[in-house]
Amino acid sequence: MDRFVILSGCSGGGKTTLLAELHRRGYAVVEEPGQRIVREATSSGGDAVPWNNMEAFLRRAITLSVDDHAQVRSDGRSWVFFDRGLIDAAATLQAITGEPVLTTLASRYRYHSRVFLVPPWPEIYVQNGDRRHSMDAAVAEFERLQEVYPTLGYEVSLLPKASVNARADFVLRTLACTTVL
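In this text, all values refer to a predicted model and were calculated from it rather than measured experimentally.

**Details of the overall build of the protein chain**
Moving on, step 1. When you go through the protein chain residue by residue, the secondary structure sums to seven helices and five strands.
Moving on, step 2. Its helices and strands taken in sequence order, the protein chain reads β-α-β-α-α-β-α-α-β-α-β-α from the N to the C terminus.
Moving on, step 3. Split into buried and exposed, the 181 residues of the protein chain put 46% on the buried side.
Moving on, step 4. Residue pairs in contact within the protein chain that sit at least 24 positions apart in sequence constitute 75% of those at least 6 positions apart.

**Re unusual backbone geometry**
Trans is the common state for peptide bonds, and a negative phi is the common state for residues other than glycine.
Moving on, step 1. Notably, R84 is not glycine yet its phi reads approximately 60°, a positive angle.
Moving on, step 2. R84 gets classed as buried once you look at its relative accessible area, which sits at 7%.

**Observations regarding the environment of V148**
Moving on, step 1. As for its position among the elements, V148 is in helix 6 (residues 135-151).
Moving on, step 2. A residue is classified by how much of its surface remains accessible, and V148, at 12% relative accessible area, is buried.
Moving on, step 3. Among residues more than four places away in sequence, those in contact with V148 are I87, A91 and L102.

**As for the packing of helix 1 (residues 15-24) against helix 7 (residues 164-176)**
Moving on, step 1. Packing of helix 1 against helix 7 brings their axes to within 9 Å, and their N-to-C directions diverge by 70°. Judged by the angle between their axes, helix 1 and helix 7 are roughly perpendicular. Seen from above, helix 1 lies across helix 7 with right-handed handedness. On helix 7, the residues touching T17, L18, E21 and L22 of helix 1 are V164, N165, R167, A168, V171 and L172.
Moving on, step 2. Among the residues making up the contact of helix 1 with helix 7, the classes are represented as six nonpolar, two polar and two charged.

**Let's talk about the packing of helix 3 (residues 54-71) against helix 4 (residues 86-97)**
Moving on, step 1. Two numbers describe how helix 3 lies on helix 4: the axes approach to 8 Å, and their chain directions differ by 150°. Taken together, helix 3 and helix 4 sit at an angle that is classed as roughly antiparallel. Considering only the axes of helix 3 and helix 4, their crossing is left-handed. Mapping the contact onto sequence places M54, E55, L58, R59, A61, I62, S65 and V66 in helix 3 and L86, A89, A90, T92, L93, I96 and T97 in helix 4.

**Description of the pairing of strand 3 (residues 80-83)**
Moving on, step 1. A two-sided burial pattern is seen for strand 3, the buried positions comprising V80 and F82 on one face and F81 and D83 on the other.
Moving on, step 2. Relative to strand 3, strand 1 (residues 4-9) runs parallel, the two being bridged by four bridges. Note that in strand 3 the partner of L7 across the bridge is D83.
Moving on, step 3. Where strand 2 (residues 28-30) meets strand 3, three bridges bridge the pair, whose relative direction is parallel. Bridging from a neighbouring strand, V30 pairs with F82 of strand 3.

**Here's the deal with the environment of L86**
Moving on, step 1. You can see L86 is positioned in helix 4.
Moving on, step 2. Separated by 20 residues in sequence, L86 and A106 place their C-alpha atoms 7.5 Å apart.
Moving on, step 3. Setting aside residues no more than four positions away along its own chain, L86 makes contact with I62, S65, V66, L105, Y109 and Y111.

Conventions and cut-offs
Residues numbered from 1 in each chain as written. Predicted model: local features only at pLDDT ≥ 70, side-chain atom pairs only at ≥ 80, totals over all residues. Heavy atoms only, no water. Helix = DSSP H or I, 4+ residues; strand = E, 2+ residues; numbered from the N terminus. Buried < 20%, exposed > 50% of the residue type's maximum accessible area, 1.4 Å probe, protein only. Contact = heavy atoms within 4.5 Å. Axes fitted to C-alpha atoms, helices over the stretch in contact; angles between N-to-C directions. Parallel < 35°, antiparallel > 145°, perpendicular 65-115°, else oblique. Left-handed = near helix turned anticlockwise from the far one by under 90°. Nonpolar A, V, L, I, M, F, W, Y, C, P; charged D, E, K, R; others polar. Pairing = 2+ DSSP bridges.

Shown next, in the form of structure tokens:
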């Protein structure tokens, strides 16, 4: 899946805004599983949300991510950008349960070798009804992901704290300089 690119990193760091800009530029974008799960649980009264049942939330995120990976199609020439996904959910599930799911899932469902992480950016971080965790929790999440991705063979590029246009340009420029595996 050499055209499937993950954008991940610190919660509240501007991933969704960046993905909207990449979509505006004509690229396919896959919405974050967590956002879909929270919407689904909120409308149905379910409890598979991080603040009620983190394990159920993560298992559902893994299921959605596997489905996304299987269903999304690339024309072979254009990038497909994923807002978080399988590795994020599996890494967190493994961290909280000790269940060794990460390596198996990550080897079966591969993405482009270059992963983009948004760093903590307290100046734009906002808690809301869907993002209830603290900035400290968001930073811990970022640090875990910054360690996990390289152990799985991914090269990490940190996104600059810059305008959304500058960030989109950075992603596309960086990808243009990588060799597709």
